[in-house]
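# Coordinates in review
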Amino acid sequence: MSETQRPHWGSKMGFILAAAGSAIGLGNIWRFPYITQQNGGGIFVIVYLLAVLFIGLPVMLGEITIGRHTQRNPVGAYGRIAPGWRFVGALGIISGLGILSYYSVVAGWTIGYAVKSIGGSLDPNGFGAFLGDWRQQIGYLAAFSLLTSFVVASGVQAGIERMARVLMPLLFLLMLGLIIRGLTLPTAGAGLKFYLMPDVDKLTTKTFLFAVGQAFFSLSLGMGAMLTYGAYLKKEDNLVTCAVAVVALDTLIALMAGFLIFPVIGHGLHKGGPSLVFVTMIAQFSHMTGGTVTAILFFVLLALAALTSTVSLMEVFISYLIDEWHMRRLSAVVLTGTLSFALGVPSALSLGAVPSLTHIIHGKGFLDIFDFAFGNLALTLGGLLMCIVLIYRWGFRHAADEVLGSSPKFRPFAQTWKILLQYVAPVAIAGLLIYCLVTGTGLS
Ligand code: PHE
């Protein structure tokens, strides 16, 4: 596709909302609260904020910069700045497809639970049966895949940007309403204390590792999503304000998710983990006045947040097919939608419906394994490789020139950015990766 035909965001704000839409998702509202709960509450929140600032932000700026400079999908982009390193982009688009496949399964649950809450049939004890019901799992996966495909098929401005412009403010308002509702509950005090009071005794190496992993997942880093969205930016758009705004919005929503969840569940000792939102929250909703309406809004909120993320995951593969294989957008969407649905089926069946998929290794099922391989290992590896390519292959000077071209005020901070990309981020990421490989633990 020639430069003139290449789609661009209607405005910088369009990019910020779409990229924030990518970043804000189940990672913020579903994953962040339970990872916080499992890692000691307040102390985790502090370490997470440090990871976002010193690792997430510089990597975010790096990815957007590579995208804007090359105006290409991840494979083409790495090929341009560092011939011989196209595989970094390839790793990214494969990871994106892998994440899209199982993420759409979890996203499907949110529609399932929204439907159940509308029908008044929410049951905190029904989660296991729901997961084991293959018809519902496949049905909701198909529904979510279709929804994602529909938005992506409509294009960058008319589909992705327009959706983000409507959904992101709506999401914010819904969340604000739900937080206010939660803060009036008798459980609010204990919940806030757990969330906000740091307990230094709970600080371990794992706290740091989980924080970095969560920052990557939550900010959509390491697989080229931000690179792809950055590639639709125009030369005059200020990259620094873009990166800062996306990181700030994502972090704000994660913190707000804590203010939403912890006051409702009270102290941190409830049954947590991935079922926190689907079991514990529902149990609490059922005791609340106005609980049904709150539950409906809550699951609609989760579904919307998930949709803006699956759209970005799909767009990465779509931009690759359009740039490198000259496919039409619609054909690319049909191909990618079918692929990710097919790849999602084993994940959807791995939650109880098919026993051989449910326990593959160490009691982990197909979905857990995909989350570990793509959502943890591949993202962090992709982030590490991005730093290496940017510093040692492309050269930091080129990256700095690209940023300074539209953000001259960034000059005094360029050296700090370089140190973070050259030393701080790679060392932290390599530590995380080695830990994952040695212990074999998934970070979710
Ligand atoms: N950031 C998204 C979330 O928090 C997940 C995601 C990861 C999206 C990687 C795109 C790429 O839910």
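Structure: see above.
Residues numbered from 1 in each chain as written. Predicted model: local features only at pLDDT ≥ 70, side-chain atom pairs only at ≥ 80, totals over all residues. Heavy atoms only, no water.

### Here's the deal with the overall build of the protein
Each helix and strand counted, the protein has 18 helices and zero strands in total. In summary, the protein has a C-alpha radius of gyration of 21 Å against a globular reference of 22 Å for 444 residues, a match within 12%. On the principal axes, the C-alpha backbone points of the protein span a range of 55 × 50 × 40 Å. Within the protein, the proportion of its 444 residues that are buried is 60%. Expressed as a percentage of contacts within the protein between residues at least 6 apart in sequence, the contacts between residues at least 24 apart total 82%. In the form shown here, the protein has an accessible surface area of approximately 16,700 Å², with 70% of it arising from carbon and sulfur atoms. The averaged location of the 17 negative side-chain charges in the protein is 2 Å from the averaged location of its 26 positive side-chain charges. (Helix = DSSP H or I, 4+ residues; strand = E, 2+ residues; numbered from the N terminus. Rg over C-alpha atoms; globule rule 2.2 N^0.38 Å. Buried < 20%, exposed > 50% of the residue type's maximum accessible area, 1.4 Å probe, protein only. Contact = heavy atoms within 4.5 Å. Areas by Shrake-Rupley, 256 points an atom, 1.4 Å probe, with all protein chains shown as cover. Lys, Arg positive; Asp, Glu negative; His and termini not counted. Charge placed at Lys NZ, Arg CZ, Asp CG, Glu CD.)

### Let's talk about the nonpolar core
Phe15 and Phe298 are the most contacted members of the largest nonpolar core, which totals 160 residues. With 21 residues, the top contributor of residues to this core is helix H17 (residues 366-406). Here phenylalanine 15 is in contact with Trp9, Ala20, Ile64, Tyr229, Gly230, Leu233, Cys242 and Val246, once residues within four sequence places are set aside. (Core = buried A, V, L, I, M, F, W, Y, C linked by side-chain atoms within 4.5 Å.)

### Some words on a nonpolar patch on the surface
On the surface, Ile46, Leu50, Leu53, Phe54, Ile419, Tyr423 and Val424 cluster together into a nonpolar patch covering about 620 Å² of accessible area. Taken together, the elements giving at least two residues each to the nonpolar patch come down to helix H3 (42-70) and helix H18 (414-439). Take the nonpolar patch: its biggest share by element is four residues, from H3. Relative to the elements of secondary structure, tyrosine 423 occurs in helix H18. (Patch = residues over 30% accessible without salt bridge, like charges linked within 9 Å, V, L, I, M, F, W, Y side chains within 5 Å. Salt bridge = Lys/Arg side-chain N within 4 Å of Asp/Glu carboxyl O.)

### A closer look at the side chain of serine 149
Residue placement: serine 149 occurs in helix H7 (residues 134-153). Ignoring any residue separated from it by four or fewer positions in sequence, one finds serine 149 in contact with Met314, Val333 and Gly337.

### Section: the site of the ligand
In the vicinity of the ligand there are 14 residues, among which Ala23, Gly27, Tyr103, Phe217 and Ser218 approach most closely. Alanine 23 places a main-chain nitrogen or oxygen 2.9 Å from an oxygen atom of the ligand. A distance of 3.3 Å separates an oxygen atom of the ligand from a polar side-chain atom of asparagine 28. Where the shell around the ligand is concerned, the elements lending two or more residues are helix H1 (12-23), helix H2 (26-38), helix H10 (205-218) and helix H14 (291-325). Partitioned by chemical class, the residues of the shell around the ligand number six nonpolar, eight polar and no charged. (Near = heavy atom within 4 Å. Polar contact = N/O pair within 3.5 Å; in protein donor to acceptor, adjacent residues only side chain to side chain. Nonpolar A, V, L, I, M, F, W, Y, C, P; charged D, E, K, R; others polar.)

### Details of the environment of alanine 399
One can find alanine 399 in helix H17. Given the relative accessible area of 0%, alanine 399 is considered buried. For the pair alanine 399 and histidine 69, spaced 330 residues apart in the sequence, the C-alpha separation amounts to 8.3 Å. Not counting the four nearest positions on each side in its chain, alanine 399 is found in contact with Thr65, Leu390, Trp394 and Trp417.

### With respect to the packing of H10 against H18
Where H10 contacts H18, the two axes come as close as 10 Å, and the packing angle between them is 105 degrees. By the criterion of interaxial angle, the relationship of H10 to H18 is roughly perpendicular. For the pair H10 and H18, the contacting residues are Lys206, Leu209, Val212, Gly213 and Phe216 in the first and Ile429, Gly431, Leu432 and Tyr435 in the second. Classifying every residue of the contact of H10 with H18 by side-chain character gives six nonpolar, two polar and one charged. (Axes fitted to C-alpha atoms, helices over the stretch in contact; angles between N-to-C directions. Parallel < 35°, antiparallel > 145°, perpendicular 65-115°, else oblique.)

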